[in-house]
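Here is how the chains run, residue by residue.
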Amino acid sequence: MIDAIAIQHKAQVMFNTLRTQSFGLQPPISSPGIAISPNAKPPAARGFTLIEILVVVVILGILAAIVVPKVMEHPGEARQVRAKQDVQAIVTALNTYKLDNFTYPGTEQGIDALVHKPSGTPDAPNWHGYLDKLPKDPWGRPYMYLHPGAHGDIDVFSYGADGKPGGEGEDKDVGNWD
């Protein structure tokens, strides 16, 4: 057993000597019980070159030049879509309110009844908070509410960008009847 260890040690010393003389390589640092592969390479430095970074910046610039104008052409449409989503969320909360309390809040109670327990009639015996806070429309005004509504049992709507009934484009009314 001792001969095998001595032979292995001599072979390792000879390999390291040959490696140092032939290739100018330093012998690996080892400690007892840890074997280092003779083919092991030192870890390569990681990172990006300046050219790689510049290529990425140029590609991002080109994408921004193409995409941003397309998105910025339609801010009115984006506000209309957001208003429709808000209206739908309010209608969903109102429907839950009705399931709990057997009726929608009255026009006088308004959609504030979704955030604060309403007083007056109709009573809300099983009320709990339905929304954390009331959203404002994308133009900064509160959403309107009618019960009974002109278009259905309830109407939740915004008058659009101009804040007036009717209109076209961004000024168009957005309601749960759309």
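Located above this text is the structure these notes cover.
Residues numbered from 1 in each chain as written. Predicted model: local features only at pLDDT ≥ 70, side-chain atom pairs only at ≥ 80, totals over all residues. Heavy atoms only, no water.

Draft legend 1. Layout of the overall build of the chain. Across its full length, the chain carries 3 helices and 3 strands. Tracing the chain from N to C terminus, the helices and strands come up as α-α-α-β-β-β. The proportion of buried residues among the 178 residues of the chain is 22%. Considering only contacts in the chain between residues 6 or more positions apart, those separated by 24 or more positions represent 39%. Carbon and sulfur atoms form 64% of the exposed surface of the chain, whose accessible area is close to 12900 Å². (Helix = DSSP H or I, 4+ residues; strand = E, 2+ residues; numbered from the N terminus. Buried < 20%, exposed > 50% of the residue type's maximum accessible area, 1.4 Å probe, protein only. Contact = heavy atoms within 4.5 Å. Areas by Shrake-Rupley, 256 points an atom, 1.4 Å probe, with all protein chains shown as cover.)

Draft legend 2. Representation of the packing of aromatic side chains. Using the criterion set out here, one finds 4 aromatic pairs in the structure. Between Trp-127 and Tyr-130, the ring centres sit 6.3 Å apart and the planes meet at 75°, which makes this aromatic pair edge-to-face. For Trp-127, a relative accessible area of 22% corresponds to the partly exposed category. Using a relative accessible area of 12% as the deciding quantity, one classes Tyr-130 as buried. Through successive ring pairs, a cluster of aromatic residues spans Tyr-97, Trp-127 and Tyr-130. (Phe/Tyr/Trp six-rings, centres within 6.5 Å; stacked < 30°, edge-to-face > 60°.)

Draft legend 3. Local environment of the sheet that holds strand β2 (residues 155-158). Taken in spatial order, the 3 strands of this open sheet run β1-β2-β3, and their pairing is antiparallel. Two strands bound the open sheet, and with one partner strand each, they are β1 (144-146) and β3 (174-175). Sheet topology note: the β2/β3 ladder contains 2 bridges and is antiparallel. Note that in β3 the partner of Ser-158 across the bridge is Val-174. (Pairing = 2+ DSSP bridges.)

Draft legend 4. Expanded view of the side chain of Gln-80. Mapping Gln-80 onto the fold places it in helix α3 (residues 75-101). Among the polar contacts listed, one links the side chain of Gln-80 to the backbone oxygen of Lys-172, at a separation of 3.4 Å. (Polar contact = N/O pair within 3.5 Å; in protein donor to acceptor, adjacent residues only side chain to side chain.)

Draft legend 5. Quick look at a nonpolar patch on the surface. A cluster of nonpolar side chains, contributed by Ile-51, Val-55, Val-56, Ile-59, Leu-60 and Leu-63, occupies part of the molecular surface with about 560 Å² of accessible area. Given the relative accessible area of 46%, Val-56 is considered partly exposed. (Patch = residues over 30% accessible without salt bridge, like charges linked within 9 Å, V, L, I, M, F, W, Y side chains within 5 Å. Salt bridge = Lys/Arg side-chain N within 4 Å of Asp/Glu carboxyl O.)

Draft legend 6. The arrangement of the environment of Glu-77 in detail. Assignment of secondary structure puts Glu-77 in helix α3. Under the relative-accessibility criterion, Glu-77 is labelled exposed at 51%. Separated by 93 residues in the primary sequence, Glu-77 and Glu-170 place their C-alpha atoms 6.8 Å from one another.

Draft legend 7. Looking closely at the nonpolar core. Ile-90, Leu-94, Ile-111, Leu-114, Tyr-145 and Val-156 are the most contacted members of the largest nonpolar core, which totals 19 residues. Broken down by element, the residue count for this core peaks at 7 residues, all from α3. Residues contacting Leu-114, with those up to four places away along its chain left out, are Ile-90, Ala-93, Leu-94, Tyr-97, Trp-127, Gly-129, Tyr-130 and Leu-131. (Core = buried A, V, L, I, M, F, W, Y, C linked by side-chain atoms within 4.5 Å.)

Draft legend 8. Molecular detail of the side chain of Asp-173. Position of Asp-173 relative to the elements: it lies in the loop between β2 and β3. The side chain of Asp-173 is buried and forms no salt bridge, while Arg-141, the nearest opposite charge, is found at 8.2 Å. A polar side-chain atom of Asp-173 sits 2.8 Å from the main-chain amide nitrogen of Gly-166. Contacts of Asp-173, omitting those with residues within four sequence positions, involve Ser-158, Tyr-159, Gly-160, Lys-164, Pro-165, Gly-166 and Asp-178. (Lys, Arg positive; Asp, Glu negative; His and termini not counted.)

Draft legend 9. Structural detail: α3. An ideal rise of 1.5 Å per residue puts 39 Å on 27 residues; α3 measures up with 39 Å between its terminal C-alpha atoms. All of the buried residues in α3 are Gly-76, Gln-80, Ala-83, Asp-86, Val-87, Ile-90, Val-91, Ala-93, Leu-94, Tyr-97 and Asn-101. Looking at the buried side of α3, the elements it contacts are β1, β2 and β3. In the segment just after α3, Phe-102 is the residue with positive phi, at about 70°. (Expected span 1.5 Å × (residues − 1).)

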